[in-house]
Amino acid sequence: MATSLPSLSNMAANGAVASLSVSVRSAGCSTVNRSEHTMLPADGCAELSRGEPGGPGAHLSRCYTKLCSLTGSDKESLKTELNLLFDQLISENYYSDCPVRPEEVCCLLVQATRLVQFTQEHLVIKLCQLIHHLLNRLQVIVDEPSLDCLVSYATRALATCSPWTHAEILQALAALVYGNGPKCQKYLPELLGRGGILVLYSSPSQPDLELRRTAVHCMANLCLGVPGQLYLEEPYRTVCFQTFLLMLEGPRPPNVDDTIFCMLLQDALKGMQYYLNGAKGKLTAGEELGTLLAVLKKYMFFGLRGMNLEMPAILYPTPLPQYEGVPAAKQDSLRDAPAQSKPAGNKKRKSRSRSKKEGPDGRPAEDEESQDVEVGQNPGKAGGGETLSHWSQGPNYMGRSFCTAQREAPPSLYPPWKRSSSDSEFSDPEGGMQTKLRLYQARVRQGALHCFLAVVKCVEKRLLYGYWSSFVPDAPGTGSPPPLTLLTIVLKDPSPKVRAGSLQVLSALLEGSRQFLSVAEDTGAPRQAFTPFSVTLAASLRELHRGLVLALLAESSSQTLTQVIKCLAHLVSNVPYSRLRPGLLKTLWQQIGPYISHRDVNVRVSSLTLLGAIVSAQAPLSEVQLLLQQPLGSGATSGALSGVSTPQELQSWSWRNGPKKEAPPSCGRLPEGTSGSRCWLLQLCTSLVTQPREEPYSDSDTGTVAPGALEPSPVRLEALQVLARLVKGYFSLVQLHLLELEEVSTQCLREADPSIQLHGAKLLEELGSGIIQQHRGESTVDQASKVPVEQVVRFWLQVLSGPLTGALQNELHPTLQTSACDILSSILPQAFSQLPDKSQVLCITILLGLSYSENSLVKAAAVRALGVYVLFPSLREDVMFVTDAANAILTSLDDRSPNVRAKAAWSLGNLTDTLIVNMASVGKDFKDEFSESLLLKMLRSATRASRDKDRVKSNAVRALGNLLRFLRPAHQSGSEGPLDEAVWALIDTVRGEATMKVRWNACYALGNAFRNPTLPLGTAPWTSDAYSALSQAVTCCRNFKVRIKSAAALSVPAERGRYGDVVQFGGVWQALAQALECSNEAEDFLEYRYCAGLRTQLCHTLLHLLSLCGPDDLPAVAALVAEGLHPTLRSYFVHYHLDESNQEEPEGDGVRDPCQPQERLRKLEECLGRLRSLPQAEPHTREAQAQVVSFLEDVVRSCQEAQGPSPLS
């Protein structure tokens, strides 16, 4: 019986595809070598490369030459010779990297098919074995011309030969179509069509299980897609999917060998995995997904003793618990649990722990497949609520030391692979069979988890979150058995590969789940009547923390341990700790300490990743801040040693802390003479980056380590990332060590490794950004706690005098140049003005030069840095610098790279912000010195950019608004065309289908332009369209922030004449009133949080219009007041004048509301007095005036009644 293709699977995963170098016609035709463009001899054979004398290549060449010398016939001598040749080829010990070209294998197999006739069935079987053997051992994917000939031969053999040969033929066919499914289009109807060969043989009614298995295996290989190529097309993909699903959910065939059944399940799961890998986004919610998840969940626990599941046929996306029983042990055989070992009776179980090989750290070695089968299982304690009874312990259980937990926990706490097993339980043959069966069962569980991982990757996360409770543990009720979830596998499965697979699935589920998990909360008082979903989700997160920490302490496989820590990092990155009771991060902080000094470099890297996730999780968190501030030896850090439960683990600490230290600190190696007030994580990461390792202990990625060598590059890179995250989230704790961190970054920039240089540059950038954030006007840090500007100046003087200048000029490493530009953009403006002139000139000169770089990344970073510099108070009034920066920015705005254009548009927006600031602070002098031609060029460039991609457009319209506000009559003469084009560009953007950010900016830009008193607003031909676009946005846009900004823009004009004629004014009033009436109607529930702000802005704008309206405008105003809107408008107006929560300035629009309700009411009464004093003309005008006055009097009266006697009455 032939075997499956694990080596080919590995090859396909690496994307290795054989080049198409041979063109083979059907049997009897000549062969063409495409690489040499020469015809082969008339007999269809070509001489193959000899390879090494005596090697596999030479042997293959000799056999091929012999095959070419033969002619097809029915003679017994030919049969004998072919049989000997095939035996020689099959017996040759080929290996995957032997010097045999794929086209040579294809030529040999094609020639062999010409000699073996279908009547010679024994030779057909031998040829099929040869096909499978060569393609599998040499990891060959057949090229397309040879594929056509060989698949044609196999399909004709299936139609011609006796049924007893079909299993071997299907094995050969599976090897041929591996990764070639889309290339077999003309054979798919025969194989997968109605009544196709594979469909018939894979049917549940097929009595020959081996034949059924090979058919499913062939289907799986047809579904495999090679990266960069097409996948199998419909409807054949659906046929395969239904076959795999039917195989997995159907009943177990009677009287079938356990091993054969496991192999059948493996092939079906592998095929399902291949199908899902090519079904990105095509699997939607419904019974199909629910059925698949139910099947996968069942096989995730396949073969685990005591877990004979009765699972629902379909999982539904509902938080309600479904029937998921773990029945008592049954004597009869169930389909998902093949026959297990016989009970041991009353025999004493001898410990085999001493016979196991120990790893370098003293723990049992768990290597590859051998570990999957050598571990023992406890048949008496598995399943039910006993094995996982620790889940029902109190919340403080997890935080206790592992040693204490081992002493106090019941025997069922220990994972199955930690328990002893009996040497005398089985006889040797029986024990070997059980070992093999456990290995096959573990592969089934592993295949189910791989399928589940493919489901997570191809299905939208929002759909999968409906099944969260089926796969992620929740807090179990008292006395009830814990649910069977992914965490059950992590804690109970004896196979480290299966445990690692479960952790990978859990990590994939957690990745990107921040929005879903953000609703979790358990900080409030517990509710008695019902449990909200937020509390349930919070309990689930606590169970995840508790279970993963237990897995962390119990795991002995380095590869699986790495996955545990990575899963914890994904969990920490997505959990809303600010909404949960504190304590979860403290436990992780305490337990991760020993693993920073683990022998395996991957474990050390993942441990640092977890620490980085903790310090960046919703930073700054008070819990993490306290942990970082704890001095060495306190409970927060010394508690990490509580996890050191073996002498080997304690010895691992001594490797990093020196042999003379009796109680090494939990944070790993620390520099000598450390102070208790210093952040130990800062010390740890600094020493990992800069100091040589103290002992030449072995690493998983290195051999012999030279004395004085630094840590491996992955460890140093991760330590630099932790430092950067620490600086970003907790700058106040590291600001005392500013110069020390600068030295670390400088040392990294001097190294030859580009990755170390980049991460050192990133650390410098974070330091600069932290200083800027601390000195912002809105910062809550008191002045005494900020880094003094003098110290910041010293910091940047050291940076600019170091290797940063060389990095900026290193054209061989453009990525490093990009990071160096980002560093220059993070200089504190107050410090920049105090730098020496030569340092300032150096920064400006380098950035202006790099803004013309040929590399798009460097160019984008330099242009962005210039956009930062134009906002510096010391530079924005320098006309020469602003002019140079403007020319560089405008050049980049025409670049072919969208990224460069986006950065240039952002910088242009900043540059025009500077023009507005200078217009108020500098005045006429700056305007006179600034070039009018350059200003016109900026206007035209921004207009063109407003028609670019949304990334460019959002800032281009912002620049247009500023430029239209800056223009004065002297600038406008001769520029009416560009000015009108700019306004029309803004109008079209407001009306368009761009992103909401772009439309928001366009509304803001129109309001900004309206502030220019010299702009012909009210008389220009575009006036009506501008107000119409804003009115449409304020009533129809589904985004309330855009509505707020459009309403703010409509309130900008300070004169009645700038609103146009009576009809135009009435249209604006009507749109605002309609928007106020519908302010509670939102398509997206997320918009409701902006309802109050929208109503505030609408009321402000309506009252602004009332304060400007003339007698002719009153009929339009009164028409709406007199209709059914009177009660609605009155209630909103009253609330606006009484609400004390809307005292701040509306967001970003520059329209200030009166701060106190009394001030608003005073403004209202002034407006009312003005309306009363309007001259009375036509009768209909007087009637409208009376209606409007009556309406406002009603509002004033209601406000006065609500707040008591008015001080103005």
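Everything discussed here concerns the structure shown above.
These figures come from a predicted structure and were not determined experimentally. (Residues numbered from 1 in each chain as written. Predicted model: local features only at pLDDT ≥ 70, side-chain atom pairs only at ≥ 80, totals over all residues. Heavy atoms only, no water.)

Enquirer: Explain the overall build of the chain to me, using residue names and the numbers behind them.
Expert: When helices and strands are counted, the chain shows 56 helices and three strands. Burial analysis of the chain (1209 residues in total) assigns 57% to the buried set. (Helix = DSSP H or I, 4+ residues; strand = E, 2+ residues; numbered from the N terminus. Buried < 20%, exposed > 50% of the residue type's maximum accessible area, 1.4 Å probe, protein only.)

Enquirer: Any details on the nonpolar core? Residues and values, ideally.
Expert: The biggest cluster of nonpolar side chains holds 367 residues, and the ones touching the most others in it are Phe452, Leu681 and Tyr869. The element best represented in this core is helix H16 (residues 428-458), accounting for 13 residues. (Core = buried A, V, L, I, M, F, W, Y, C linked by side-chain atoms within 4.5 Å.)

Enquirer: Quick one: what's the story with helix H13 (residues 287-300), residue by residue and with numbers?
Expert: Over its 14 residues, H13 extends 20 Å from the first C-alpha to the last, a length consistent with the 20 Å expected when each residue adds 1.5 Å. For H13, the buried fraction is high: twelve of the 14 residues fall into the buried class. Every buried residue of H13 is listed here: Leu289, Gly290, Thr291, Leu292, Leu293, Ala294, Val295, Leu296, Lys297, Lys298, Tyr299 and Met300. (Expected span 1.5 Å × (residues − 1).)

Enquirer: Which residues make up helix H26 (residues 622-629), and what values do they have?
Expert: At 3.6 residues per turn, the α-helix brings residues three or four places apart onto the same side. Within the span of H26, buried status applies to Glu623, Val624, Leu627 and Leu628. Buried residues of H26, viewed axially, fall in a sector of 135°; they line one side. Facing away from the buried side of H26 by more than 90 degrees, the exposed set consists of Ser622 and Leu626. (Arc of directions from axis to C-beta.)

Enquirer: I'd like a rundown of the pattern of salt bridges, residues and numbers included.
Expert: In this structure the tally under the stated criterion is 32 salt bridges. As a salt-bridge pair, Glu555 and Arg499 come within 2.7 Å of each other at their nearest N and O atoms. Here the residue Glu555 occupies a position in the loop between helix H22 (533-554) and helix H23 (558-574), and Arg499 occupies one in helix H20 (residues 496-510), the gap between them amounting to 56 residues. A relative accessible area of 2% means that Glu555 is categorised as buried. Within this structure, Arg101, Glu103 and Glu104 form a network of salt bridges that share partners. (Salt bridge = Lys/Arg side-chain N within 4 Å of Asp/Glu carboxyl O.)

Enquirer: Outline the packing of helix H51 (residues 1062-1077) against helix H52 (residues 1091-1108), supporting the account with residue identities and numerical values.
Expert: Viewed as axis vectors pointing N to C, H51 and H52 meet at an angle of 155°, and their least axial separation amounts to 10 Å. Taken together, H51 and H52 sit at an angle that is classed as roughly antiparallel. As H51 packs across H52, the resulting crossing turns out to be left-handed. Contact with H51, carried on its side by Phe1065, Val1068, Trp1069, Leu1072, Ala1073, Ala1075 and Leu1076, involves Arg1095, Leu1098, Cys1099, Thr1101, Leu1102, Leu1105 and Leu1106 of H52 and no other residues of that element. Per-class residue counts for the contact of H51 with H52 are twelve nonpolar, one polar and one charged. (Axes fitted to C-alpha atoms, helices over the stretch in contact; angles between N-to-C directions. Parallel < 35°, antiparallel > 145°, perpendicular 65-115°, else oblique. Left-handed = near helix turned anticlockwise from the far one by under 90°. Contact = heavy atoms within 4.5 Å. Nonpolar A, V, L, I, M, F, W, Y, C, P; charged D, E, K, R; others polar.)

Enquirer: Summarise the environment of Asp948; cite the residues concerned and give the values.
Expert: Relative to the helices and strands, Asp948 is located in the loop between helix H44 (932-945) and helix H45 (950-966). In this structure the C-alpha to C-alpha distance between Asp948 and Pro898, which are 50 residues apart in sequence, comes to 9.0 Å. Ignoring any residue separated from it by four or fewer positions in sequence, one finds Asp948 in contact with Arg901 and Lys953. Polar contacts involving the side chain of Asp948 include one to the side chain of Arg901, which spans 2.7 Å. (Polar contact = N/O pair within 3.5 Å; in protein donor to acceptor, adjacent residues only side chain to side chain.)

Enquirer: Give a detailed account of the state of the cysteines, specifying residues and quantitative values.
Expert: Scanning the model with the defined rule gives zero disulfides in all. Here Cys240 is not disulfide-linked; the sulfur of Cys223 is the nearest cysteine sulfur, at 3.6 Å. (Disulfide = S-S within 2.5 Å.)

Enquirer: Which residues make up the environment of Pro1021, and what values do they have?
Expert: Relative to the elements of secondary structure, Pro1021 occurs in the loop between helix H48 (996-1010) and helix H49 (1023-1036). What makes Pro1021 exposed here is its relative accessible area of 68%. Separated by 41 residues in the primary sequence, Pro1021 and Asp980 place their C-alpha atoms 9.1 Å from one another.

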